[in-house]
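# Breakdown of the fold
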Amino acid sequence: MTAPASVVPAVIVAHDGQALQLEDAAAAAAAGPVRDALKAALSWAHVAWSRRFGKPAGLRSGEDFDAYTAELAARIRAVSIDPAPVLLDFARRARILGVSQGLIEANAPQRNLGHEIRAETRRQIDESTATARAKLAQAADLVESLQRGSFKTINRQLAVADQAGNIVERAARTAANDELNEGLAAAAEHVGGRLVWIAERDACVACLALSGHVIEPGDAFDWRLTFGAKAYPPMGFDAEGELVEIELERPPRHPYCRCRVSPWLGHDEAGALSVTHDWADAAADSLARGDLVGAAAAQKAAAEASASAAFDLPSALRREAERSILRGDALPSESENVRIQAADRLLNRIGSQKNSRSPSGWRVPASVKKRAERAVQRGAFTR
Ligand SMILES: [Zn+2]
């Protein structure tokens, strides 16, 4: 979540930084040993090849070749993948961090709200471990079944083994985000608040459509919402291990999603009005005294007080999400085409009239519309 500080309160931006640090540490601690062990096997393969067969491009076969592939396969099979203890430890830390951050965001005192890891998180960890192990076994089988080949051929078979590290890293990031948001949701429930979805600034077109949306804890966000062409239901496993559609109770919405929720207690409209009224009285006094400069200053202060105290985070987030679509702020992993089509779709909904409003009620400046229209015509956002 890297939303600009102008929209997201500084405390939440700082909390997101802490969460990202924890997530990175989880990824490194869980996937690092797997990657290191694979690197060691690969470097053995390289050295042993040049010692026995010479140039990497030379084609080899026969007894020596078979002995070589058998030993390499054994080394790959010996790489141990057991990230569960590390992943569970980080998942627990993420949960505790989520609770603590949520209570701070809600201005509530710190409290232990329990940190029992969800069964779903444990299941995901077990499944990822099994998938990563299967990739290693597959790579070992591929290497061993080769009858002839060069070192380059061998290297190609080893690409499958590399996926093992990525699978473990993804599991680490997902578990950390899942449990962080679980903690944030527990804090919201504890303080009697609701949950507001905060998308990262360059979130995908699906996540941006949820930014600023508010639900009661225990309810679900509407997965049908997207700025893209089609929304996909979130999937998960039920108690029997069947893949089924699940409710979207909080982020992450998809792998590598870095959206988060925050407790939302509603904005302080009454407070804003009382401050504004104080300034209105001051302005009236100044006018009565004939002090035009003083009256103008008081009126300006009233407008500013009203704007800041009545700051409505959900509305601001929705507007920011639409801005992001119109600007094409995407991660490199999201295709430009998807973003161009999303901008086109949003422009159509906004309409071409002067001062027309976006779906969230924001009066879109003509300059913002024009830039987006040009990008759509060009088929590309200039970055
Ligand atoms: Zn997301």
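For every chain, the first residue of the written sequence is number 1, and numbering continues from 1 onward in sequence order. Local features in this predicted model are restricted to residues of pLDDT 70 or higher, and side-chain atom pairs are both shown and tallied only at a pLDDT of 80 or more, whereas totals for entire chains, interfaces and linings draw on every residue.

The secondary structure content of the protein chain amounts to eleven helices and seven strands. Computed over the C-alpha atoms, the radius of gyration of the protein chain is 27 Å, more than 25% above the 21 Å expected from 2.2 N^0.38 for a compact globule of 383 residues. Its C-alpha atoms give the protein chain principal-axis dimensions of roughly 105 × 55 × 40 Å. Contacts here follow a simple rule: the backbone-placed C-beta atoms of the two residues must lie within 7 Å. In the protein chain, of all internal contacts separated by at least 6 residues, the share reaching a separation of at least 24 is 74%. Each helix corresponds to a stretch of at least 4 residues labelled H or I by DSSP, and each strand to a stretch of at least 2 residues labelled E; elements are numbered beginning at the N terminus. Restricting the calculation to C-alpha atoms gives the radius of gyration, and the globule rule supplies 2.2 Å times the number of residues raised to the power 0.38.

Residue position: Pro252 is located in the loop between strand 6 (243-245) and strand 7 (260-264). Sequence spacing of Pro252 and Arg349 is 97 residues, and the spatial spacing of their C-alpha atoms is 27 Å.

Now for the sheet that holds strand 7. Strands are treated as partners if at least two bridges between them are detected by DSSP. If you walk across this open sheet you meet the three strands as 4-3-7, and the pairing is antiparallel. Each edge of the open sheet carries a strand with a single partner, namely strand 4 (214-215) and strand 7. In terms of strand pairing, strand 3 (residues 194-198) meets strand 4 through two bridges, oriented antiparallel. Bridging across to strand 4, Val196 finds its partner in Val214.

Attention shifts here to the domain arrangement of the protein chain. Its domain assignment divides the protein chain into domain 1 (10-192) and domain 2 (268-310). Computed from C-alpha atoms alone, the centre-to-centre distance between domain 1 and domain 2 is 57 Å. Each domain's extent is set by a domain assignment, obtained either automatically or from a database.

Axes here mean lines fitted to C-alpha atoms, for a helix over just the part in contact, with angles spanning 0 to 180 degrees between N-to-C directions. Packing of helix 10 (residues 336-350) against helix 11 (residues 366-378) leaves a shortest axis separation of 9 Å and a crossing angle of 135°. If you check the angle between helix 10 and helix 11, you find them oblique. Helix 10 and helix 11 meet at a crossing whose hand is left-handed. For the pair helix 10 and helix 11, contact is made by Ile340, Ala343, Asp344, Leu347 and Ile350 and by Lys369, Ala372, Glu373, Ala375 and Val376, respectively. Amino acids outside the nonpolar list (Ala, Val, Leu, Ile, Met, Phe, Trp, Tyr, Cys, Pro) and the charged list (Asp, Glu, Lys, Arg) are all regarded as polar, and Gly is one of them. Split into classes, the residues belonging to the contact of helix 10 with helix 11 amount to seven nonpolar, no polar and three charged. Every angle not falling under 35 degrees, over 145, or within 65 to 115 is termed oblique; those three ranges are roughly parallel, roughly antiparallel and roughly perpendicular. Note on convention: near helix rotated counterclockwise from far helix by under a right angle means a left-handed crossing. Clockwise means right-handed.

Right, let's get into the nonpolar core. By size, the foremost hydrophobic cluster in this structure holds 86 residues, and its most contacted members are Ile76, Leu87, Val168, Ala172 and Leu208. It is helix 5 (residues 151-190) that provides the largest number of residues to this core, a total of 16 residues. For this entry, the nonpolar core is defined as buried Ala, Val, Leu, Ile, Met, Phe, Trp, Tyr and Cys residues connected by C-beta atoms within 7 Å. With C-beta atoms placed from the backbone, a residue is labelled by how many other C-beta atoms lie within 10 Å of its own: buried for 20 or more, exposed for 12 or fewer, partly exposed between the two.

In this structure, Pro252 follows Pro251 across a cis peptide bond, with omega equal to 0°. Even without being a glycine, Asn107 presents a positive backbone phi close to 60°. With respect to the element layout, Asn107 can be found in the loop between helix 3 (84-105) and helix 4 (119-145). Here Asn107 falls in the exposed class, since 10 other C-beta atoms lie within 10 Å of it. With a phi angle near 70°, Tyr256 is a residue other than glycine that sits in the positive phi range. Mapped onto the fold, Tyr256 is located in the loop between strand 6 and strand 7. Owing to 13 C-beta atoms within 10 Å, Tyr256 belongs among the partly exposed residues under this scheme.

Moving on, we come to the pairing of strand 7. Of all five residues in strand 7, five are buried, a share of seventy percent or more. Here strand 7 shows two buried faces, one formed by Arg260, Ser262 and Trp264 and the other by Val261 and Pro263. Looking at chain direction, strand 3 and strand 7 are connected through five bridges and run antiparallel. From the neighbouring strand, Ile198 faces strand 7, where its bridge partner is Arg260.

This paragraph deals with the environment of Ala206. Examined against the element boundaries, Ala206 turns out to sit in helix 6 (residues 205-208). The class of Ala206 is buried, set by 23 C-beta atoms lying within 10 Å. Here the alpha-carbon distance between Ala206 and Leu184, two residues 22 residues apart in the chain, equals 21 Å. Once you skip the residues sitting within four places of it in the chain, Ala206 turns out to touch Thr226, Gly228, Ala231 and Arg253.

Our focus in this paragraph is helix 4. Helix length check: helix 4 (27 residues) gives 39 Å between terminal C-alpha atoms against 39 Å at 1.5 Å per residue, within 8%. Among all positions in helix 4, only Thr121, Gln124, Ile125, Ser128, Thr129, Ala132, Leu136, Ala139, Ala140, Leu142 and Val143 are buried. Residues of helix 4 that are buried sit in contact with helix 2 (63-77), helix 3 and helix 5. Here, expected helix span is obtained from the residue count minus one, scaled by 1.5 Å.

Let us look at the packing of helix 3 against helix 5. Packing of helix 3 against helix 5 leaves a shortest axis separation of 7 Å and a crossing angle of 30°. For helix 3 against helix 5, the interelement crossing comes out right-handed. Among the residues forming the contact of helix 3 with helix 5, the class breakdown is 17 nonpolar, five polar and three charged.

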